[in-house]
Amino acid sequence: ITGEMNSLLRQMRHEKTPILKKYITLPLILSPDRDEELMKLTEHRVPTFSHDLIPNYLRTLREPDIESKYAVMENRANNASQEQQQKQITVIEKVTRETLKVIRREREEMDAKSNSRSEIETTYSNEDTINLLAAINHGKGLKTTVPVTAARQSPVPVAQQMHNIKAPSTIKTNIKAANTAHPYSR
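Values in this document were obtained by computation on a predicted structure and should not be read as measured data.

I'd like a description of the overall build of the protein, backed by residues and values.
Secondary structure summary: the protein contains seven helices and zero strands in total. Written out in order from the N terminus, the α and β elements of the protein read α-α-α-α-α-α-α. By residue count, 8% of the 186 residues in the protein fall in the buried class. Across the protein, the fraction of contacts at a sequence separation of at least 24, relative to all contacts at a separation of at least 6, is 25%. Here the protein has roughly 18100 Å² of accessible surface; of this, 56% comes from carbon and sulfur atoms.

Structure (structure tokens):
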């Protein structure tokens, strides 16, 4: 069936066969089975060509409830006076203009914020980072202090004392002698 429909549609697309456009196309065989060629032809939208689906697939008129709603809307549009239509058009144009203004204003604000963020958000300096790393790794830029020894002179030269300077410890340790008795000993 799908092969026949496919070839028929190809024939109808050509300009040489305008007579076929006047005829109604009806399916010859309906099947509830899945048709792979039909799936391929319809890009996986129509899996079967069955009795319950054909009226919806080949429908040329709208469903009756949709048709009635459309007729009511069309009557309302046709019964409106020229003045009412012009007022509605004016209101729609005004709403559209105001909406476009709001959109443009918001876009400009967003652009301004994004441009100003790039200037504000620089919270570091490459030069400061390099200086900090040099101070940590190599001690560059750090001031050295000489310890004051008032009472006695040390035989060690001052240059060697500079290398042995330790930071004062604020942690006090309690070291016990090793000769105390172990609590688990026998």
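After that view, the rundown keeps rolling.
Please provide a residue-by-residue account of unusual backbone geometry, values included.
At Glu-43, a position not held by glycine, the phi torsion is positive, near 60°. Classification of Glu-43 by relative accessible area gives exposed; the value is 59%.

How would you explain the side chain of Thr-48 if you had to name every residue and give the values?
Relative to the helices and strands, Thr-48 resides in the loop between α2 (36-41) and α3 (54-57). On the basis of relative accessibility, which here comes to 13%, the residue Thr-48 falls in the buried class. Aside from chain neighbours lying at most four places away, what touches Thr-48 is Ser-31, Pro-32, Asp-33, Arg-34, Leu-38, Leu-53 and Tyr-57.

Summarise the pattern of salt bridges; cite the residues concerned and give the values.
This structure, assessed with the given rule, holds four salt bridges. Residues Glu-36 and Arg-34 are paired through a salt bridge, measuring 3.3 Å at the closest nitrogen-oxygen approach. Across the salt bridge formed by Glu-83 and Lys-87, the nearest N and O atoms sit 3.6 Å from each other. Note that Glu-83 and Lys-87 are positioned in helix α5 (residues 82-120) at a spacing of four residues, about one turn of the helix. Assessed through its relative accessible area of 55%, Glu-83 is described here as exposed.

Describe a negative patch on the surface, listing the residues and the values that go with them.
Taken together, Glu-106, Glu-108, Glu-109 and Asp-111 make up a surface patch of like negative charges. By secondary structure assignment, the location of Glu-109 is in helix α5. When its relative accessible area of 38% is taken as the criterion, Glu-109 is described as partly exposed.

Rules behind the numbers
Residues numbered from 1 in each chain as written. Predicted model: local features only at pLDDT ≥ 70, side-chain atom pairs only at ≥ 80, totals over all residues. Heavy atoms only, no water. Helix = DSSP H or I, 4+ residues; strand = E, 2+ residues; numbered from the N terminus. Buried < 20%, exposed > 50% of the residue type's maximum accessible area, 1.4 Å probe, protein only. Contact = heavy atoms within 4.5 Å. Areas by Shrake-Rupley, 256 points an atom, 1.4 Å probe, with all protein chains shown as cover. Salt bridge = Lys/Arg side-chain N within 4 Å of Asp/Glu carboxyl O. Patch = residues over 30% accessible without salt bridge, like charges linked within 9 Å, V, L, I, M, F, W, Y side chains within 5 Å. Lys, Arg positive; Asp, Glu negative; His and termini not counted. Charge placed at Lys NZ, Arg CZ, Asp CG, Glu CD.

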